[in-house]
Amino acid sequence: MIPEYLVSFSPDALPSEEVDCLIIGCGIAGLRAAVELDGLKVLIACKNDPFDGCTYHAQGGIAAALLPPDSPEIHFSDTINAGCFLNDEEATRILVNEGVERVKELIDWGCKFDKKGKNLDFTKEAAHSFPRILHARGDATGKEIIHALLTKIGQIPGIILRGKFFLIDLVCEDETVKGGLFYDIASESLLIVKAKKIIVASGGSGQIYQETTNPVTITGDLQAAAFRKGALLGDMEFYQFHPTTLYMAGVPRFLISESVRGEGAILVNIYGERFMRNYHPDMELAPRDVVSRAIVCEMRRTNSNCVYLDMRKLKSDFIISRFPQIYNFCLKYGLDITKDLIPVRPSAHYAMGGIVTDIFGKTILENLFACGEVACTGVHGANRLASNSLLEGLVFGARAGKKARDEISTMKKDSHSKISSFRVKKHNGPFIDIYDLQRSIKSLMWRNVGIERDAGSLGEAMQKLDAWGKYIFLNEFFSPTGWEVQNMFILSLVMTHAALSRQESRGAHFRKDFPEPNEKWKKRQMFNKHFFNSLKERK
Ligand code: SIN
């Protein structure tokens, strides 16, 4: 059974704080939402710090149709094509139209995107009809955006940012979210933050996979916390694998940006053959899912554990100035990308699915908003178009912040109601080696619910998860790792079930036993915890 809370707590015995708006997550979506809350008391809480999230590490860039002959309409059709027509059209139109204004605003706030001469320098990435990707500091776009937004936030007096602040659970009564139960990592103590509105912007869940580009903190905690309270998770079978992650023993799985291929790098197999010509007319710039599967196929065919990116046709000076971060990272491990081939293979990168929201970031739970990768507005459909994720954070972060602000302005002055205590049922479960379970979940998801899946692999994953589900919630943990693994378990369960149900291939969801799309499946799947609890009762 999926529990309501992971730990027992008694609000009267805990320190508490009150704010108008609690934002969880300090990437592009959370910070952009905060800008809209000027004049209110706002706490931005993050598990680590703003320099450790997916936004900060984002390399490639942000897509926006700023200049003709490109247009938001063309950006819209590229997004829908990449998403295999499963996108929510209204949300996607908002993304591409409002995206133009939001990016210009970011530039006005001091974000310096790279220029060629006096003009902005746009790169082309896979499945985009035009070069429309803005980048900064060469390949460190996320750093520039975070610095620009932190500077902007720094000018707004009511906003406080607190790091190393782990959200264990959303506190909720009658499907109304009242705040968050936090673990302060520095003081190792619990604390309650009461808020009139709560905006979740905590990023994805890449760490549920063994191989991922995501930082170690990205374990899907808020998706799971919202699910425990009755929120819907949607599009969970669609998980994007980035084709090119550096693959060297002992080296962190560092992303090699798609823009490297956008600037002309090619992919070759261990025999030096440019294999993408056998898979797609757009070769290296085919959609991400196509390139990822082609690499897996090629690795299998040639019995190798990686393929190579070849940048050697590009001028050394250009490589070093356009990709300084990638160049320097690889050099630390003895790889000179101006001369050497880069060993790469796919890894988990981005969740198209998440907490279902409307176009204002509102979830089905009263007072709870979600934006950015943690949310599922439906803009990405079955497969995200490259560089649309920063844009999504910017556009829907602003929308969620605005809506929360409007709603707060109509609430009574003292709307912080009382929060009841909660006792987790004591089961005296057996000792669990939580690190072993963490490794098991990650490798199960990678092997069985990865780039290619079928009824056999997914069925086996379900059986294993069912078995682990018998004991994972028996004990109360008192450590972030324990809570993270419980959260990873919940997400793995929903993703596996969603992938097993969808008997077709579409976008990032590739079923070896149903390799083609099926019109009957041109629909989205959403689940809440009651569905899973009733499955359990029936077993
Ligand atoms: C990349 O730079 O390849 C990643 C950008 C993205 O995921 O959109």
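Note that the coordinates shown come from a computational prediction; the quantities given were computed from them, not determined experimentally.

Enquirer: How should the nonpolar core be read in this particular structure?
Expert: A general feature of soluble globular proteins is that nonpolar side chains tend to end up buried together. Ranked by internal contacts, the top residues of the largest apolar core, which has 81 residues, are L22, L170 and Y209. It is helix α14 (residues 480-501) that contributes the most residues to this core, eleven residues altogether.

Enquirer: Is there a simple way to think about the side chain of R288 in this case?
Expert: Mapped onto the fold, R288 is located in helix α8 (residues 288-301). Take R288: its relative accessible area is 7%, and that puts it in the buried class. Here Q240 takes part through its side chain, which lies 2.9 Å from a polar atom of the side chain of R288. When near neighbours in sequence (up to four residues on either side) are disregarded, R288 contacts Q240, F241, H242, P243, E258, H349, R384 and A386.

Enquirer: I would appreciate a short explanation of the sheet that holds strand β12 (residues 233-234) in the present structure.
Expert: Sheets are built from strands paired through backbone hydrogen bonds, the pairs being either parallel or antiparallel. Ordered by their spatial adjacency, four strands build an open sheet running β19-β17-β12-β20, and the pairing between neighbours is mixed. At either margin of the open sheet sits one strand with a lone partner, and together these are β19 (375-376) and β20 (526-527). Judged from the two bridges that link them, β12 and β20 form a sheet pairing that is antiparallel. Following the sheet pairing, G234 is matched in β20 by M526. Where helix α6 (residues 221-228) meets the sheet, it contacts β12, β17 (354-356) and β20, and its direction lies at approximately 40 degrees from that of β17.

Enquirer: When you look at the site of the ligand in this model, what are you seeing that I'm missing?
Expert: Inspection of the region around the ligand gives G60, H242, L255, S257, E258, R288, H349, R384, A386 and S387 as its neighbouring residues. In this structure, an oxygen atom belonging to the ligand sits 2.7 Å away from a side-chain N or O atom of H242. R384 places a side-chain nitrogen or oxygen 2.8 Å from an oxygen atom of the ligand. A class-by-class count of the residues in the shell around the ligand yields two nonpolar, five polar and three charged.

Enquirer: So what exactly am I meant to see when it comes to the side chain of E392 here?
Expert: Locating E392 in the fold gives a position in helix α11 (residues 388-409). Despite its burial, E392 pairs with no opposite charge, the nearest such side chain being R384 at 6.7 Å. Of note is the side chain of E392, whose polar atom sits 2.8 Å from the side chain of H380. Here E392 is in contact with L95, Y350, G372, E373, T377, V379, H380 and G397, once residues within four sequence places are set aside.

Enquirer: I would appreciate a short explanation of the pairing of strand β2 (residues 42-45) in the present structure.
Expert: Side-chain positions along a regular strand alternate between the two faces of the sheet. Every second residue of β2 is oriented toward a common face, with V42 and I44 on one face and L43 and A45 on the other, all of them buried. Two strands pair when backbone bridges link them, and strand β1 (residues 16-24) and β2 are joined in this way by four bridges, in the parallel orientation. Paired with C21 across the strands is V42, a residue of β2. For the crossover from β1 across helix α1 (residues 28-35) to β2, the handedness is right-handed. When β2 meets strand β8 (residues 159-162), the two strands line up parallel, connected through four bridges. The partner of I44 across the bridge, within β8, is L161.

Enquirer: Would you mind showing me how to read the environment of E298 here?
Expert: Here E298 lies in helix α8. Between the C-alpha atom of E298 and that of A195, which follows or precedes it by 103 residues, the distance is 52 Å. Among all residues touching E298, those that are not within four sequence positions of it are N269, F275, Y279, S304 and V307. Within polar-contact distance, the side chain of E298 engages the side chain of Y279 at 2.5 Å.

Enquirer: Looking at this structure, how should I read the environment of I326?
Expert: Following the sequence through the fold, I326 ends up in helix α10 (residues 324-332). Taking the C-alpha atoms as reference, I326 lies 20 Å from K116; in sequence the two are 210 residues apart. Among all residues touching I326, those that are not within four sequence positions of it are Q59, D139, F254, L255, I256, S257, V260 and I337.

Enquirer: Please clarify how the sheet that holds strand β3 (residues 62-63) should be interpreted in this entry.
Expert: On the basis of which strands lie adjacent, the open sheet formed by three strands has the order β3-β7-β6 and antiparallel pairing. A strand with exactly one partner marks an edge of an open sheet, and here the two such strands are β3 and β6 (122-123). Strand direction decides the pairing type here: β3 and strand β7 (residues 133-134), joined by two bridges, are antiparallel. Bridge pairing in β7 places I62 opposite L134.

Enquirer: What am I meant to see in the pattern of salt bridges here?
Expert: Per the counting criterion, the structure on display carries 35 salt bridges. Residue E17 pairs with R162 through a salt bridge whose shortest N-O separation is 2.9 Å. Within this pair, whereas E17 is found in strand β1, its partner R162 is found in strand β8, the two being separated by 145 residues in sequence. According to the relative accessible area criterion, E17 is partly exposed, its value standing at 26%. Measuring nitrogen to oxygen at the nearest pair gives 2.7 Å for the salt bridge that ties R274 to E284. Linking R274 in the loop between β14 (266-268) and α8 with E284 in the loop between β14 and α8, this pair joins segments that are ten residues apart in sequence. Residue R274 is classed as partly exposed on the basis of its relative accessible area, which comes to 25%. A cluster of three or more residues bridged by salt bridges with shared partners is formed by R32, E36, R102 and E105.

Rules and cut-offs
Residues numbered from 1 in each chain as written. Predicted model: local features only at pLDDT ≥ 70, side-chain atom pairs only at ≥ 80, totals over all residues. Heavy atoms only, no water. Core = buried A, V, L, I, M, F, W, Y, C linked by side-chain atoms within 4.5 Å. Buried < 20%, exposed > 50% of the residue type's maximum accessible area, 1.4 Å probe, protein only. Helix = DSSP H or I, 4+ residues; strand = E, 2+ residues; numbered from the N terminus. Polar contact = N/O pair within 3.5 Å; in protein donor to acceptor, adjacent residues only side chain to side chain. Contact = heavy atoms within 4.5 Å. Pairing = 2+ DSSP bridges. Axes fitted to C-alpha atoms, helices over the stretch in contact; angles between N-to-C directions. Near = heavy atom within 4 Å. Nonpolar A, V, L, I, M, F, W, Y, C, P; charged D, E, K, R; others polar. Lys, Arg positive; Asp, Glu negative; His and termini not counted. Salt bridge = Lys/Arg side-chain N within 4 Å of Asp/Glu carboxyl O. Right-handed = clockwise from strand over helix to strand, strands pointing away.

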